[in-house]
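Okay, here's what each chain looks like letter by letter:
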Amino acid sequence: MSILGRFKEIMSSNINALLDKVEDPEKMIEQCLRNLNSDLGKVKSETATIMAEVQRAQRELDECQADIEKMQSYALKALEAGNEADARKFLTHKASLQAKLVGLQEAYDLAQANAAHMRQMHDKLVSDIGGLESRKDMIKGKLAAAKTQDRMNKMMSSVSGANDSMASFERYEALADKALYQAKAMAELNKSSQSSIKDLAAKYDTEPDTSIDDELAALKASLNK
């Protein structure tokens, strides 16, 4: 691919789209900048070559124009010397030089246009690289913030899971407390029931105490005598 084609490809590329396709955008940013700076070096080299071509075309154009003026001057001198044949030869050579001048002028104009175009592309690439360099830290900052947010999201998920576990623990503790209270209540009920039966049985198991009644009866009998 020619340097111009490569340059157009660079300038038309969507760096944001490239970032979406890679696992490590930060490394991709650095790689993009390295590629662009490498291409900038090629653009500079190509621009210098084209500018040298402009200078060469300019030199050939100037030399041809100078030769035309010389042929014109020689033709005049030949006529002044009365040598029309020599004057004709100078004018014939001048005509051929003028035809050549047309082609040299076209070559110069084309080289000049190419040089101007390359200069514009060079300056735009320099500007774009400068802009990307200034955006690089901003993009890295965004990536760092995104990573931090991602870690926080994961921590929040962990905390949410921990809250669920704590809620489950509290439910299990409440069930344990309920079971304990029920067991205690049942024990109290069983104890109360057993005590009532024992007390009731004791009422009938105990022989009545008749000693007082017998002594009282004896006293009454003595009074009646």
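Keep in mind that this is a model prediction, so the values were computed, not measured.

J.: Account for the overall build of the protein chain, with residues named and values stated.
T.: In terms of helices and strands, the protein chain carries five helices and zero strands. For the protein chain, the N- to C-terminal ordering of α and β elements is α-α-α-α-α. By the burial criterion, 17% of the 225 residues in the protein chain qualify as buried. Contacts in the protein chain between residues at least 24 apart in sequence constitute 79% of all its contacts with a sequence separation of at least 6. Carbon together with sulfur atoms contributes 57% to the accessible area of the protein chain, which is approximately 16,900 Å² in total.

J.: Describe the pattern of salt bridges, and please don't skip the residues or the numbers.
T.: Counted according to the given criterion, the structure contains five salt bridges. Salt bridges sharing partners connect three or more residues here, namely Glu 53, Arg 56 and Glu 60.

J.: I'd like a description of the nonpolar core, backed by residues and values.
T.: Residues Cys 64 and Leu 125 are the most contacted members of the largest nonpolar core, which totals 24 residues. Contributing elements (two or more residues each) for this core: helix 3 (25–80) and helix 4 (84–205). With near-sequence residues (within four places) excluded, Cys 64 lies in contact with Leu 97, Lys 100, Leu 101 and Leu 104.

J.: Give me the lowdown on the packing of aromatic side chains, citing residues and values where you can.
T.: By the definition in use, this model includes one aromatic pair. Look at Tyr 74 and Phe 90: their rings are 5.2 Å apart centre to centre, the planes differ by 40°, and that puts the pair in the tilted class. Of this pair, Tyr 74 sits in helix 3 while Phe 90 sits in helix 4, and the two are 16 residues apart along the sequence.

J.: Tell me about the environment of Gly 41, residues and numbers included.
T.: Here Gly 41 is to be found in helix 3. Taking relative accessible area as the criterion, Gly 41 reaches 38% and is therefore assigned partly exposed. For the pair formed by Gly 41 and His 122, sequence separation is 81 residues and the distance between their alpha carbons is 9.5 Å.

J.: Give a detailed account of the side chain of Lys 94, specifying residues and quantitative values.
T.: When you line up the elements, Lys 94 lands in helix 4. Leaving out residues up to four positions away in the same chain, Lys 94 has contacts with Ile 68, Met 71 and Gln 72.

J.: Tell me about the side chain of Thr 47, residues and numbers included.
T.: Assignment of secondary structure puts Thr 47 in helix 3. Engagement of the side chain of Thr 47 in a polar contact is seen with the backbone oxygen of Val 43, the distance being 2.7 Å. Apart from residues lying up to four places away in sequence, Thr 47 is in contact with Met 118, Arg 119 and His 122.

J.: Can you explain the environment of Ala 144? Please cite residues and give values.
T.: With respect to the helices and strands, Ala 144 occurs in helix 4. The partly exposed category is assigned to Ala 144, whose relative accessible area is 40%. Taking the C-alpha atoms as reference, Ala 144 lies 9.5 Å from Glu 26; in sequence the two are 118 residues apart.

J.: Can you break down the confidence of the model for the protein chain residue by residue, with the values?
T.: Per-residue confidence for the protein chain gives a mean pLDDT of 77, with 73% of residues at or over 70. When mean pLDDT is taken per element in the protein chain, helix 3 scores highest with 88 and helix 1 (residues 3–12) scores lowest with 52.

Criteria and thresholds
Residues numbered from 1 in each chain as written. Predicted model: local features only at pLDDT ≥ 70, side-chain atom pairs only at ≥ 80, totals over all residues. Heavy atoms only, no water. Helix = DSSP H or I, 4+ residues; strand = E, 2+ residues; numbered from the N terminus. Buried < 20%, exposed > 50% of the residue type's maximum accessible area, 1.4 Å probe, protein only. Contact = heavy atoms within 4.5 Å. Areas by Shrake-Rupley, 256 points an atom, 1.4 Å probe, with all protein chains shown as cover. Salt bridge = Lys/Arg side-chain N within 4 Å of Asp/Glu carboxyl O. Core = buried A, V, L, I, M, F, W, Y, C linked by side-chain atoms within 4.5 Å. Phe/Tyr/Trp six-rings, centres within 6.5 Å; stacked < 30°, edge-to-face > 60°. Polar contact = N/O pair within 3.5 Å; in protein donor to acceptor, adjacent residues only side chain to side chain. pLDDT = per-residue confidence, 0-100.

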